[in-house]
Structure formats: C-alpha cells, structure tokens
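This is what each chain is made of:
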Amino acid sequence: MIDPLTLPKAELHLHIEGTLEPELMFELARRNGVSLPYADTDAVRRAYRFGNLQSFLDVYYRACSVLIHERDFYELTIAYLNRARAQGVRHVEVFFDPQTHIQRGVRFDAVVGGIGRALTEARGQGVTSQLIMCFLRDLPADDAMATLEQSLAHRDVIFGVGLDSAEVGNPPRKFREVFERAVSAGFRAVAHAGEEGPPDYIWQALDLLGAERIDHGVRCLEDRSLVRRLEADRIPLTVCPFSNVKLRVVETWERSSSTRWRTCSSTDCASRSTPMIPPTSAVTSARTSPTWQEPCASTTARSSSSLATASKRRSWMTPPGPAT
Ligand SMILES: [Zn+2]
C-alpha cells in the first residue's frame, strides 16, 4: 500500500471558503467586528454535523460573513495552501463563490485579489493552481451573468467557471447562456451535477453547458447510457465520498457504490470538497476513501480530471521541495 503522506497529490474539488478553520473564523470576526452565532470554536465544530446539503450550506454561508477585505481572502487561502503543501498536495484547482461575497457588499476585486495573491505566492513554493469561479445555481441566471461580466477584468487570474450550491430545482439549463458567454470569453467549463440532482442534470451539464468535467456526478450510476457517454467522451468526475456520506447523499460507506466506481473508468480521483466537512486532511481523506486503491493512488497527481496540461501533470510527479 502506498503511503498517502509521501504521494504527490492533486486536489481537484476544493471550495476555498470551506477551508476556513474555526480559529481563523473567530480571528477574522474579531478583526472585522462581525458577531458569530457560536460561543467558541468547539461550538463551530459541533455545528458541522449536517443533515443534508442545505444544512451544510447554512453553516457555510454564515462562516463566510467574516470574509470582507482582500487581506481576509489572502489569509484564508494561504492558510489552506500551507496545510495542503504539508500534506503532499502539489496542485490544486480552487473553487470560489464570488456571489456569496458580492451580495454582502464585498468588492469583487478584494475576493479575487486576495485569493490570487496567495495562489501566486504558493507557486513559488511548489504548489501550482488554477482558479475556478462558481456561479450559485440557486440565484437567478441574470445574477450569474452580471458576475461573469465583472470577472472578465480578471481573466489572467481566473481559469474556469463552474456551478455549485443547492442543486435540486436548479437545473444546469438555467445557466446555458451564461456558460456560452463564459466559454466564448476563454474560460474552461466544469459543473457540479448529479450530487443530489438527477442524472438528467449531468446530461444537461454536458450538452447545454459544455462541461469538460463533472464535479460529484455520483448519480450517473443510475443511468447506464450516461455512464457510457462519460466513458466514451472521457469526462472525468471529481467524486467526494466523505462529502457524500456527511451530507447524507449516501447513508453509509457501503452504500457509496465503491465497488461500482472501481469498475467505472470515469472516476480517477477521490476529492474532499469542503474541508469543514471532516476529515480535514487530504491524507486522511485519501487513506480512508473507498475509491483509494493502488491503481487510483498511482494516477492521482497526474489525474486526467485536472484541467492542467499533460506535461504539467507529469511535472507534479517529480520530488517535492522541502515543506515549510
Ligand atoms: Zn463542490
């Protein structure tokens, strides 16, 4: 068995706002004069017991209220990158949700500036990255389009667009024009689909949004023709088994369809989605994931799920520099 600690890893399904640890949450709340509905950090950790995706999102958005200034987003991101590097992560594709912040009056420039500055610094320390801007699917498409227009001034920092948040009742077709505009502007496209939503949402993400990768996608297993399509077009999935169990998408590990995943060539990485969902370690997540088998481990850092070029993926397999 390969030791996950020493294996170079690529983290491909990571929501940066979800990496906010309770200690930093309280520090930022103090600094920014934000009151939190938690007595202390232990109370925050107790709140991380979720009944479903929506109950998780309620805590997630409350935590985001402490992020206001460019410096806050920088500190959030650099704290995550330092932890990830210590866990052997060589490349990360980072989701962020600008609408969560813009609707609170935070400047788009502050969000992208802080995250982007941290990602640039980390490149100098051996962790490469790509930044993916997600649209909140429970907000109107017009709101997403307005956010996309703001992002065009940051094309040098933002690599791709995605779709996340409450899935059921918010099908990908709602964002067809937004994604058409994004792709024509040069963004790469991915989308969360088939986490809680039906397999049809995955079909829509592929056919209407032009998604090159499906994030989650676990419900594809309910539709044989969809699995064949994913395999034929070599569309990867970033499956997050821990997230699925913790958010009750599946009831148990045994029901996480691990056996079927091992026979499906469309999944080649085990991601953790949002580290506020325990476990908080990429290594622990990898070691205990039901999809974590040697054939999977050996391909993780050069995973075809990544939006990076093949030559860049090969470069991650070289020995990492010393951790700081
Ligand atoms: Zn996600």
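For the structure, see preceding data.
These lines cover the structure that appears in this document, whether it is placed above or below. Counting starts from 1 at the beginning of each chain's written sequence and moves along it residue by residue. Totals for whole chains, interfaces and linings use every residue, but because this is a predicted model, local features are given only for residues with pLDDT of at least 70 and side-chain atom pairs only at 80 or more, for both listing and counting.

### Let's talk about the overall build of the protein
What counts as a helix is a DSSP run of H or I of at least four residues, what counts as a strand is a run of E of at least two, and both are numbered from the N terminus. Across its full length, the protein holds 15 helices and eight strands. In the protein, of all internal contacts separated by at least 6 residues, the share reaching a separation of at least 24 is 76%. It is the C-beta atoms, placed from the backbone, that decide contacts: two residues are in contact if theirs lie within 7 Å.

### Here's the deal with the packing of helix α4 (residues 70-86) against helix α6 (residues 108-123)
Axis angles are defined between N-to-C directions and span 0 to 180 degrees, where every axis is a line fitted to C-alpha atoms and, for a helix, only to the segment in contact. The N-to-C vectors of α4 and α6 enclose an angle of 35°; their axes lie 7 Å apart at closest approach. Here the hand of the crossing between α4 and α6 comes out right-handed. Between α4 and α6, the residues in contact are Glu-70, Arg-71, Asp-72, Phe-73, Tyr-74, Thr-77, Ile-78 and Leu-81 and Ala-110, Val-111, Gly-113, Gly-114, Ile-115, Arg-117, Ala-118, Leu-119, Glu-121 and Ala-122, respectively. Crossings are assigned a handedness: left-handed for a near helix turned anticlockwise from the far helix by less than a right angle, right-handed for a clockwise turn.

### Comments concerning the pairing of strand β1 (residues 9-15)
Neighbour counting defines burial: a residue surrounded by 20 or more other C-beta atoms within 10 Å of its own C-beta is buried, one with 12 or fewer is exposed, and intermediate counts give partly exposed, using backbone-placed C-beta atoms. With seven of seven residues buried, β1 is to be regarded as a mostly interior element. Should DSSP find at least two bridges between two strands, the strands are regarded as paired. Across five bridges, the pairing between β1 and strand β2 (residues 89-96) is parallel. Bridge assignment links Leu-14 to a residue of β2, and that residue is Val-94.

### Re the environment of Arg-30
Examined against the element boundaries, Arg-30 turns out to sit in helix α1 (residues 22-32). Among the residues examined, Arg-30 registers 11 C-beta atoms within 10 Å and is labelled exposed. As a C-alpha pair, Arg-30 and Val-66 span 36 residues in sequence and 8.7 Å in three-dimensional space.

### Points about the nonpolar core
A set of buried residues qualifies as a nonpolar core if it consists of Ala, Val, Leu, Ile, Met, Phe, Trp, Tyr and Cys joined through C-beta atoms within 7 Å. In this structure, Val-94, Phe-96, Ile-115, Ala-189, Ala-191, Ile-202 and Ala-205 are the most contacted members of the largest nonpolar core, which totals 68 residues. Those residues in contact with Ala-189 that sit more than four places away from it in its chain are Gly-160, Val-161, Phe-179, Ala-182, Val-183, Leu-209, Gly-210, Ala-211 and Glu-212.

### Brief notes about unusual backbone geometry
Backbone geometry at Ser-165 places phi at a positive 80°, although glycine is not the residue there. Counting through the fold element by element, Ser-165 comes out in the loop between β4 (158-164) and α8 (176-184). Overall, Ser-165 belongs to the buried group, with 20 C-beta atoms counted inside 10 Å. Phi at His-216 is positive, roughly 75°, even though this residue is not glycine. Since 26 C-beta atoms lie within 10 Å of it, His-216 is described here as buried.

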